[in-house]
Amino acid sequence: QKEVEQDPGPLSVPEGAIVSLNCTYSNSAFQYFMWYRQYSRKGPELLMYTYSSGNKEDGRFTAQVDKSSKYISLFIRDSQPSDSATYLCAMASGTYKYIFGTGTRLKVLA
Amino acid sequence: GAGVSQSPSNKVTEKGKDVELRCDPISGHTALYWYRQSLGQGLEFLIYFQGNSAPDKSGLPSDRFSAERTGGSVSTLTIQRTQQEDSAVYLCASSRDGQGGDEQFFGPGTRLTVL
């Protein structure tokens, strides 16, 4: 079993939909949780960063961490075609080592 | 300021040849990371440099892979006697100091194709 599991998709949604992206993990030592967005042929860019449990909101994006269930989510409201990308979750325990999910490909249809 | 840069952006080589991939981190960042991204495999950690400390090479898949970081700045990843399974995107990232949860900034990657 991988330390971090993420559904690879692809996920296709109509413009304006609410998108839910998820990752599960097995290592209870993880305390830093990140979401990266990666456009085709580009490097990943940090979208959301959460320490420990709870919710964090930034514009149309909300990150949720449920440590008791070892489950994190990224919600995108009012999705736009420009949100079409691969979304990677990443986690770290307290060192420099990030463990990444495989990424979910999202396509928002105009 | 300038982000992480990598060169070349694309590299096509023949099986058995050596390749060198270059990474210029963000100025002032002491931590530097190399990852490999293969289709459907996510980002695979290869190596980590922090200041003058000995690098963490635990992710290098074989002794054909090596990396160095000169003067605490530019890094070069070298793959000797390339194999077809080495075909992937090689990503470099840097962060301020490599402490837990330190934000990693990624370069655009080098797409390596081994024929």
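A few points on the structure.

The rules behind the values
- Residues numbered from 1 in each chain as written.
- Chains lettered and ligands numbered in written order.
- Predicted model: local features only at pLDDT ≥ 70, side-chain atom pairs only at ≥ 80, totals over all residues.
- Heavy atoms only, no water.
- Helix = DSSP H or I, 4+ residues; strand = E, 2+ residues; numbered from the N terminus.
- Core = buried A, V, L, I, M, F, W, Y, C linked by side-chain atoms within 4.5 Å.
- Buried < 20%, exposed > 50% of the residue type's maximum accessible area, 1.4 Å probe, protein only.

**Remarks on unusual backbone geometry**
Right, on to step 1. Cis peptide bonds are those with omega within 30 degrees of zero, and the linkage from glycine 9 of chain A to proline 10 of chain A qualifies with 10 degrees.
Right, on to step 2. Along the chain, proline 10 of chain A turns up in the loop between β1 (4-6) and β2 (11-14).
Right, on to step 3. Residue serine 7 of chain B is joined to proline 8 of chain B through a cis peptide bond whose omega torsion reads -10 degrees.
Right, on to step 4. Position of proline 8 of chain B relative to the elements: it lies in the loop between β1 (5-7) and β2 (10-13).
Right, on to step 5. The backbone of serine 52 of chain A shows a phi angle near 65 degrees, a positive value even though the residue is not glycine.

**Quick notes on the nonpolar core**
Right, on to step 1. With 24 residues, the main nonpolar core has Trp35, Ile72, Leu74, Tyr87 and Met91 of chain A as its most contacted residues.
Right, on to step 2. Of all the secondary structure elements, the ones that give two or more residues to this core are β3 (19-25), β4 (32-38), β5 (45-51), β7 (61-66), β8 (71-76), β9 (85-92) and β11 (104-109) of chain A.
Right, on to step 3. One finds Leu21, Ile26, Ile47 and Phe65 of chain B within the second-largest nonpolar core, a separate group that totals 20 residues.

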